[in-house]
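Structural characterization, general
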Amino acid sequence: MTHFIEVFFQALPLLMDGLKFTMELAIISIIFGLGIGMLIAILRVYGGKFSYTLSTAYVELIRGTPLLVQLFILYFSLPQIGIHLSPLVASIISFSLNSGAYQAEYIRGAIQSVERGQMKAAFSIGMTKWQSIRLVIMPQALRKVIPSWTNEFVYLIKYTSLAYLVGVPELTAQGEFVASRNFEFMNVFSGVALIYLSVILVITWLFSNLEKKVKIPGV
Amino acid sequence: MKLLEVKNLKKRYKNKEVLKDISFDMDKTETLVVIGPSGTGKSTMLKCINRLVEPDGGQILLNGQDVIKARRIEKIRQRIGMVFQEFNLFNHLTVLDNVRIGPLKVKKLQKSVATELAMENLRKVGLASEAKSYPAQLSGGQKQRVGIARALAMEPDLIMFDEPTSALDPELIGEVLEVMRKLALDGMTMLIVTHEMGFVREIADRIIFMENGEIVESGTPEKIFNAPEKERTHQFLNQFTKFWREK
Ligand SMILES: Nc1ncnc2c1ncn2[C@@H]1O[C@H](COP(=O)(O)OP(=O)(O)O)[C@@H](O)[C@H]1O
Ligand SMILES: [Mg+2]
């Protein structure tokens, strides 16, 4: 145990450098993903046939293929058409697109669980469709989506370790780097696991607080 | 000019003709009550008037303006209030915000003006003290009174009520009818669907009896209740009087 602690603290500065990338990847991607998810969900529920088909195709394409394959396609094929992305940017784009598709499904479910009468009432006082969505439907849907959103964030934090494979020095990559030099694979990766776990516990706690804070009184 | 004119209104769902050929009109400050068995198309008719449901044919004029041809229906909906059986208050907003959101976001009034307007209408329905509550914290009767205040705050030309007391416990019906009675006295133009026959007799300027998507007959409360022309009207109203006698 004391040996583990020793190795852990020696590795910690490099692991923390990795954690910065991990969190950067996860936070930026969850936020872009939320934007994409809201857009896609609104198009799927309220859009015409064309936007419905397009957004459904997007969701199915993303959900039907592995994230790693999506990342590789983005990172290795774009240079062939002259677009060069840094590993970090490629990872953020690919995680955002991926998370967006999953978030779209959660948000769509939440939108559809808002009572139909809410939209009728919004229309009846003269709101446009867009005002009704923005002022009445989304504020209720987004509250309902917080638990799934927490899950999505937790998944995303763990999935960012894939960025290691295109060369982003995130937490797992840093662990590999440290362990390949001191050969303490078991101890270093236990430390890495411990860091992931702590971060995820903190985030789960933060989001459950957020959920309580925005809960509608009396409901 | 009539405040509302409905001419040959038609609506069908799949192969069911829900509204066959509805025509009637309303004067300013009139209280017109629509009665009839359930499934007859009363709700569909109200929803056609503000185009929550798209009519298949006919004409609707609000102050002479064609509702069905209107390109921006939301402009017309601002002038037609609607009160729902199931209240449909905005769950995530306080009572004040429920009433203020229309003047503020739809009419784009200044916040202080919209707030004053909302409070004034909450006072009218006796709920100024609940301004900070959320819908889920109110009784059914209070919810419906907020629903009425929300419609009033848009200062509409006409308010439509679709069975406003049907979802309420009996002891809460009175407070909502009381508010509606006051509105009628204030000169609000009201189109009401209800089964509260005692209230109808007292408040209606005119009554329409509807069945199977058609207007069977219409007239003053005296005529409809005391001397209906059609046998169906008589039968329908008889159910209620029998019911009262049994009670
Ligand atoms: N969206 C709909 N789709 C299909 N049928 C409907 C729809 N809305 C109402 N109806 C039918 O239209 C008829 C009239 O309904 P409604 O207007 O609600 O009657 P009322 O308010 O008089 O009880 C009913 O038979 C109902 O089943
Ligand atoms: Mg009805």
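This structure is a prediction, so every number in the text was calculated from the model and none was measured. (Residues numbered from 1 in each chain as written. Chains lettered and ligands numbered in written order. Predicted model: local features only at pLDDT ≥ 70, side-chain atom pairs only at ≥ 80, totals over all residues. Heavy atoms only, no water.)

All names here are of chain B. With respect to spatial proximity, the complete set of residues near ligand 1 consists of Tyr13, Lys16, Val18, Pro37, Ser38, Gly39, Thr40, Gly41, Lys42, Ser43 and Thr44. For ligand 1, an oxygen atom lies 2.5 Å from a polar atom in the side chain of threonine 44. In the complex, 60% of the free accessible area of ligand 1, which totals 560 Å², lies under the protein chains. With 3 residues, the single largest contributor to the shell around ligand 1 is helix 1 (residues 42-49). (Near = heavy atom within 4 Å. Polar contact = N/O pair within 3.5 Å; in protein donor to acceptor, adjacent residues only side chain to side chain. Areas by Shrake-Rupley, 256 points an atom, 1.4 Å probe, with all protein chains shown as cover. Helix = DSSP H or I, 4+ residues; strand = E, 2+ residues; numbered from the N terminus.)

Moving on: the packing of aromatic side chains. Tallied over the entire structure, the rule returns 9 aromatic pairs over all chains. With a centroid separation of 5.7 Å and an interplanar angle of 20°, the aromatic rings of phenylalanine 4 of chain A and phenylalanine 8 of chain A are classed as stacked. Residue phenylalanine 4 of chain A and its partner phenylalanine 8 of chain A are both found in helix 1 (residues 2-46); the two are separated by 4 residues, about one turn of the helix. Side by side, phenylalanine 4 of chain A and phenylalanine 8 of chain A carry an identical accessibility label, which is buried. Aromatic rings pair up to connect Phe4, Phe8 and Phe9 of chain A into one cluster. Above the plane of the ring of tyrosine 155 of chain A lies lysine 158 of chain A, whose end atom (NZ or CZ) is 5.3 Å from the centre. Between the NZ or CZ atom of arginine 150 of chain B and the centre of the ring of phenylalanine 90 of chain B, over which it lies, the distance is 4.6 Å. (Phe/Tyr/Trp six-rings, centres within 6.5 Å; stacked < 30°, edge-to-face > 60°. Buried < 20%, exposed > 50% of the residue type's maximum accessible area, 1.4 Å probe, protein only. Lys NZ or Arg CZ within 6 Å of the ring centre and 35° of its normal.)

What follows is about the environment of aspartate 27 of chain B. Residues and elements named next belong to chain B. If you trace the backbone, aspartate 27 turns up in the loop between strand 2 (16-26) and strand 3 (31-35). A residue is classified by how much of its surface remains accessible, and aspartate 27, at 35% relative accessible area, is partly exposed. Linking aspartate 27 and lysine 2, residues 25 residues apart in sequence, is a C-alpha distance of 5.2 Å. Residue contacts for aspartate 27: discarding those within four places in its chain leaves Lys2, Leu3 and Thr189. (Contact = heavy atoms within 4.5 Å.)

Moving on, we get to the sheet that holds strand 9 (residues 206-211) of chain B. All names here are of chain B. Spatially, the 6 strands line up as an open sheet ordered 6-7-8-3-9-10, and their pairing is mixed. In the strand order of this sheet, the two ends are held by strand 6 (80-83) and strand 10 (214-219), each with one partner. Adjacent strand axes in the sheet meet at a mean angle of 20° when their direction is disregarded. By the bridge criterion, 4 bridges tie strand 7 (residues 158-162) to strand 8 (residues 190-193) in an arrangement that is parallel. (Pairing = 2+ DSSP bridges. Axes fitted to C-alpha atoms, helices over the stretch in contact; angles between N-to-C directions.)

Our focus in this paragraph is the interface of chain B and chain A. The partner chain A presents 22 residues to the 25 residues of chain B that form the contact. Looking at the side of chain B facing chain A, the largest losses of area belong to Phe90, Asn91 and His92 of chain B, adding up to 29% of the total buried there. Applying the counting criterion to the chain B and chain A interface returns 1 salt bridge. The partner of lysine 120 of chain A in a salt bridge is glutamate 86 of chain B, and the shortest N-O contact between them spans 3.8 Å. Our count for the chain B to chain A interface comes out at 7 residue pairs in polar contact (both at pLDDT 80 or more). Contributions of two or more residues to the side of chain B that touches chain A are made by helix 2 (73-77), strand 6 and helix 3 (95-106) of chain B. Among the elements that make up the side of chain B that touches chain A, the one with the highest residue count is helix 3 of chain B (4 residues). Here the side of chain B that touches chain A is built from residues that sort into 11 nonpolar, 7 polar and 7 charged. (Buried area = accessible area lost by both parts, 1.4 Å probe. Salt bridge = Lys/Arg side-chain N within 4 Å of Asp/Glu carboxyl O. Nonpolar A, V, L, I, M, F, W, Y, C, P; charged D, E, K, R; others polar.)

For chain B, the average pLDDT comes to 96, and 98% of its residues sit at 70 or higher. Both confidence scores are given for the complex: pTM 0.92, ipTM 0.95. (pLDDT = per-residue confidence, 0-100.)

All right, on to a positive patch on the surface then. Together, Arg134 of chain A together with Lys75, Lys105, Lys108 and Lys111 of chain B give the surface a local cluster of positive charge. With respect to the secondary-structure elements, lysine 75 of chain B resides in helix 2. Looking at lysine 75 of chain B, the relative accessible area reads 43%, which means it is partly exposed. (Patch = residues over 30% accessible without salt bridge, like charges linked within 9 Å, V, L, I, M, F, W, Y side chains within 5 Å. Lys, Arg positive; Asp, Glu negative; His and termini not counted. Charge placed at Lys NZ, Arg CZ, Asp CG, Glu CD.)

All right, on to the environment of tryptophan 130 of chain A then. All names here are of chain A. Examined against the element boundaries, tryptophan 130 turns out to sit in helix 6 (residues 129-159). On the accessibility criterion, tryptophan 130 (52% relative accessible area) is exposed. Remark: the alpha-carbon pair of tryptophan 130 and glutamine 103, spanning 27 residues in sequence, is separated by 20 Å.

A few words on the environment of leucine 67 of chain A. All names here are of chain A. Structurally, leucine 67 is set in helix 3 (residues 67-77). Through-space distance from the C-alpha of leucine 67 to that of phenylalanine 95 is 7.7 Å; in sequence the pair is 28 residues apart. Not counting the four nearest positions on each side in its chain, leucine 67 is found in contact with Ser94, Phe95, Asn98, Tyr159 and Leu162.

Take helix 4 (residues 111-124) of chain B next. Look at helix 4 of chain B: 20 Å from first C-alpha to last across 14 residues, which is about the 20 Å you get at 1.5 Å a residue. Phi for glycine 126 of chain B, located one or two positions after helix 4 of chain B, is positive at around 75°. (Expected span 1.5 Å × (residues − 1).)

This part is about a nonpolar patch on the surface. A grouping of Phe72, Phe76, Tyr164 and Leu165 of chain A is seen on the molecular surface, where their side chains present a nonpolar patch of about 350 Å² in accessible area. With respect to the helices and strands, phenylalanine 72 of chain A occurs in helix 3.

Glancing now at empty space enclosed by the protein. All told, the structure shown has 2 cavities of 30 Å³ or more when counted by the stated rule. A volume near 60 Å³ is recorded for the largest cavity. Forming the boundary of the largest cavity are Ser124 and Ile125 of chain A together with Arg77, Gln78, Ile80, Gly81, Met82, Gly147, Arg150, Ala151, Met154 and Pro156 of chain B. Where the lining of the largest cavity is concerned, the elements lending two or more residues are strand 6 and helix 5 (140-152) of chain B. In terms of lining residues, the second largest cavity is bounded by Lys124, Val125, Val179, Lys182, Leu183 and Asp186 of chain B. Counting residues per element, the lining of the second largest cavity draws most heavily on helix 6 (residues 170-185) of chain B, which supplies 3 residues. For the lining of the second largest cavity, the residue count by class is 3 nonpolar, no polar and 3 charged. (1 Å grid on protein atoms, 1.4 Å probe; cavity = no way out; pocket = protein on both sides within 12 Å on 5 of 7 lines; lining within 4 Å. Points joined across faces, edges and corners; volume = space filled by probe spheres on them.)

Residue and element names in this part refer to chain B. Axis separation between helix 5 and helix 6 bottoms out at 8 Å; the angle between their running directions is 20°. It follows that helix 5 is roughly parallel to helix 6 by the angle criterion. Note that helix 5 runs across helix 6; the crossing there is right-handed. Packed against helix 5, whose contacting residues are Gly140, Gly141, Gln142, Gln144, Arg145, Ile148 and Leu152, the element helix 6 presents Leu172, Glu175, Val176, Val179, Met180 and Leu183 at the interface. Of the residues in the contact of helix 5 with helix 6, the class split is 7 nonpolar, 4 polar and 2 charged. (Parallel < 35°, antiparallel > 145°, perpendicular 65-115°, else oblique. Left-handed = near helix turned anticlockwise from the far one by under 90°.)

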